[in-house]
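These are the residues of each chain, in order.
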Amino acid sequence: ASSKKMLPALIKIEGKGSTSQERRESLSERFLFVLEGTVVVKVKDQAIRLEKNASLYFNASMPHTIENPNSSAAKVLSVMTPVSL
């Protein structure tokens, strides 16, 4: 994985669940695409609501979480660069 430039991942967030707060190294970037459901992405002091088929691209070195405000599960495609395991 260390030779890869991007790290794609499928994130499933159960109803009313969230990811833990993340903060990647300097110059990290993240792209999110909502496959199912709705999520609220909190980046620093901003909350961005994303519905199915919506996307967001942001500086992943800022503190961020992904929350599911609904009772049904949400699925999000996440692509991060640089690769960080």
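The structure displayed is predicted, hence computed values, not measured ones. Positions within a chain are numbered from 1, following the residues in the order the chain's sequence is written. The model is predicted, so local features are restricted to residues of pLDDT at least 70 and side-chain atom pairs to those at 80 or more, both for listing and for counting; the totals for chains, interfaces and linings are taken over all residues. In computing side-chain properties, one takes all heavy atoms of the structure into account and sets aside hydrogens as well as water.

Caption draft 1: Quick look at the sheet that holds strand β6 (residues 64-67). Pairing is antiparallel in the open sheet, where three strands are placed in the order β4-β3-β6. Only two strands of the sheet have a single neighbouring strand rather than two, namely β4 (46-50) and β6. Each neighbouring strand pair of the sheet contributes to a mean axis angle of 20°, computed without reference to strand direction. Any two strands with at least two DSSP bridges between them are considered paired. Elements are defined by DSSP. Helices are runs of H or I of four residues or more, strands are runs of E of two residues or more, and each kind is numbered from the N terminus. As paired elements, strand β3 (residues 39-43) and β4 share five bridges and run antiparallel to each other. Looking at β4, one finds that lysine 42 is bridged to alanine 47. In this analysis, axes come from line fits to C-alpha atoms, helices being fitted only over the stretch in contact, and the angle between any two N-to-C directions falls in the range 0 to 180 degrees.

Caption draft 2: Seen up close, the pattern of salt bridges. By salt bridge we mean one thing: a side-chain nitrogen of Lys or Arg within 4 Å of a carboxyl oxygen of Asp or Glu. A complete count under the given rule lists five salt bridges for this structure. The partner of glutamate 22 in a salt bridge is arginine 30, and the shortest N-O contact between them spans 3.3 Å. Here the term buried applies to any residue with accessible area under 20% of the maximum for its type, exposed to any over 50%, and partly exposed to those in between, with areas from a 1.4 Å probe on protein chains only. The exposure class of glutamate 22 is buried, given its relative accessible area of 16%. Accessibility expressed as a relative area gives 3% for arginine 30, which makes it buried.

Caption draft 3: Region of the structure containing the environment of lysine 12. As for its position among the elements, lysine 12 is in strand β1 (residues 7-13). As for lysine 12 and glutamate 36, which are separated by 24 residues in sequence, their C-alpha atoms are 9.2 Å apart. Every residue in contact with lysine 12, bar those within four places of it in the chain, is listed here: Ala73, Ala74 and Lys75. Residues count as neighbours in contact if any of their non-hydrogen atoms are within 4.5 Å of one another.

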